[in-house]
Amino acid sequence: MTRLPSLAVALGLTLLAAAACSSSEDDPAGAGEDAPLPADAPTFKKDVEPLLQAKCQSCHREGGAAPFSLVTYEQAKQSGPSARVKVETRTMPPWGAFDSEACKMQHAFKDDLRLTDAQIAMFARWVDLGMPLGDASIQNPTPAFPSSSLETKTATLQMAAPFEVQGNAPDDIRCFPIDPGFTEDTWVSGVNVVPGNAKVVHHAIVFIDPKNESSAKVGADGSYECFGGVGLSETQLLMAWAPGARPIRYEDAAIKVKAGSKLVMQVHYHPGSESQKDQTGFELEVRKDKPANVAQLLLLGNAQSDTGLIKLLPGPNDRGAGPEFRIPANAKDHTETMELVLPQTLGGFPLPEMSIATVGAHMHWAGVDMKMEIERRAGMAPEKECLLGTPKYDFNWQRGYVIDAPLPSLPTFGPGDKLRITCTYDNTTGNPHVRRALAETRQSAPVDITLGESTLDEMCLGVLAVVRPATIQD
Ligand code: HEC
């Protein structure tokens, strides 16, 4: 009896669902007269609606980033059984950062979407019990969702023309150079990606192209293919966006963009069955005066050997004399580890103490977890800290995890501190992303993976948004 209503709903039958509208005392959920609900049964009104409001509706609502709403009781019931699976496997809400034995993060994150084990168990039980409505008189106030627009924007830019995304095609990752028209050095204190067509835009990253190298790469459609990177000799990141990401705004800090720079928007298209048009863009908040603090997005990792500033450490499956970045075919739980000791000076300039505002991970399809740890020099506390662990890493849901603390309390990173990045890969057909990448490249079995920019190459990049005091050099 308990399974029947959810099955009926899954099949789109409304017959039993209608019974759920009855709200008599002894049969509050229409679960059947012979099966009264346990007194502690979770109900939509008491337990599920508040959870959906807090953890799902920022995307699953009219006009939100998700393709369907989880707002009304009918909508929740319609999607209940499939939502249960997504919630239990922690594929929804989309969030990769979780504590593990190997990495306990000491900071809270803004807009944290993680569910507790108790919340997951409650949701599963609600589905099992036939998704009862509960006390219909309970009014959970509609939450106020923050605007998805950058309220302080001074400019809005977008692709020159709509881009045609073919239906039934493999994922496409394309770069669109855009001219912000900066005739003098400009400080960007806010940025927000505005996806054009939510049906196909999976994620977007905005890069700075200070030497205007991207213009030479574009084809007739105003874009170029750029799976692993934007292909620029010098670049900096401005923003990484995935559905649900909030506009970025730095309080009294900004990212410097040199005069004449292009901004390159890398868009990950995930086509559906029909062709679609997309015209993604972004909003900027710029200031002409120098802020008190400079913000910078650092991409650290991708070490090939143990000789550079960032050193690859020996690891499993190394074959020769030195460490090598190679993920053998069919290797599961394969790790690549790299270390960087922040030098006192870089390019002749002394490096300052930095505050870490946002952390993120970037790998490709075989990546399943990244850990970023810091070991600080003597006298700095805490001596050891795990900045980020992403045991639920998913290429499709890359995002920046914004640390929820005021500037003086942010984790620090300064000269003499050691940063260690450990990337874990699953290069087996048990990894659905690898299966799909193999199918797309018409290969029948996993292959050895090395560092690179193509679909079946890998990366291991830690993303750090840092803030430091501005100097005369800036
Ligand atoms: C950050 C935005 C966001 C949040 C928060 C979110 N979702 Fe989603 N969800 C999406 C998007 C976008 C999709 C579309 C599928 C895709 O692109 O992978 C989706 C798809 C789904 C699906 C369908 C998956 C399928 O089989 O195609 C279910 C079920 C779901 N979400 C349930 C939930 C539940 C339950 C919550 C809250 C506990 C939640 N989601 C929170 C963005 C979100």
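Residues numbered from 1 in each chain as written. Predicted model: local features only at pLDDT ≥ 70, side-chain atom pairs only at ≥ 80, totals over all residues. Heavy atoms only, no water.

Quick look at the packing of helix H4 (residues 73-88) against helix H5 (residues 117-128)
Running from amino to carboxyl end, H4 crosses H5 at an angle of 125°, the nearest separation of the two axes being 9 Å. As the angle between them shows, H4 and H5 are arranged oblique. Viewed along their axes, H4 and H5 form a crossing whose handedness is left-handed. On H5, the residues that touch Tyr73, Ala76, Lys77, Gly80, Pro81, Ala83, Arg84, Val87 and Glu88 of H4 are Ile120, Phe123, Ala124, Trp126, Val127 and Asp128. (Axes fitted to C-alpha atoms, helices over the stretch in contact; angles between N-to-C directions. Helix = DSSP H or I, 4+ residues; strand = E, 2+ residues; numbered from the N terminus. Parallel < 35°, antiparallel > 145°, perpendicular 65-115°, else oblique. Left-handed = near helix turned anticlockwise from the far one by under 90°. Contact = heavy atoms within 4.5 Å.)

Points about the pattern of salt bridges
As enumerated under the stated definition, the model contains 30 salt bridges in all. In this structure, Arg246 and Asp111 form a salt bridge, with 4.0 Å as the shortest nitrogen-oxygen distance. Note that Arg246 is positioned in the loop between strand E7 (236-241) and strand E8 (248-249) and Asp111 in the loop between H4 and H5, a separation of 135 residues in sequence. Since its relative accessible area comes to 29%, Arg246 is described here as partly exposed. Among the charged side chains, a network of salt bridges with common partners joins Glu339, Glu373, Glu375, Lys418 and Arg420. (Salt bridge = Lys/Arg side-chain N within 4 Å of Asp/Glu carboxyl O. Buried < 20%, exposed > 50% of the residue type's maximum accessible area, 1.4 Å probe, protein only.)

Concerning the domain arrangement of the chain
Here the domain parsing of the chain yields domain 1 (4-96 + 116-128) and domain 2 (155-469). Taking only C-alpha atoms, the centre of domain 1 and the centre of domain 2 are 36 Å apart. At the interface, 8 residues of domain 1 touch 11 residues of domain 2. On the domain 1 side of the contact with domain 2, Pro94, Trp95 and Gly96 bury the most area, a combined 61% of that side's loss. (Domains from an automatic or database assignment. Buried area = accessible area lost by both parts, 1.4 Å probe.)

A few points about the nonpolar core
Grouped burial of nonpolar side chains is what soluble globular proteins tend to show. With 95 residues, the main nonpolar core has Val359, Phe413 and Leu464 as its most contacted residues. Looking at which element gives the most residues to this core, the answer is strand E5 (residues 201-209), with 6 residues. Of all hydrophobic cores here, the second largest spans 18 residues; its members include Phe44, Cys56, Ala83 and Met122. (Core = buried A, V, L, I, M, F, W, Y, C linked by side-chain atoms within 4.5 Å.)

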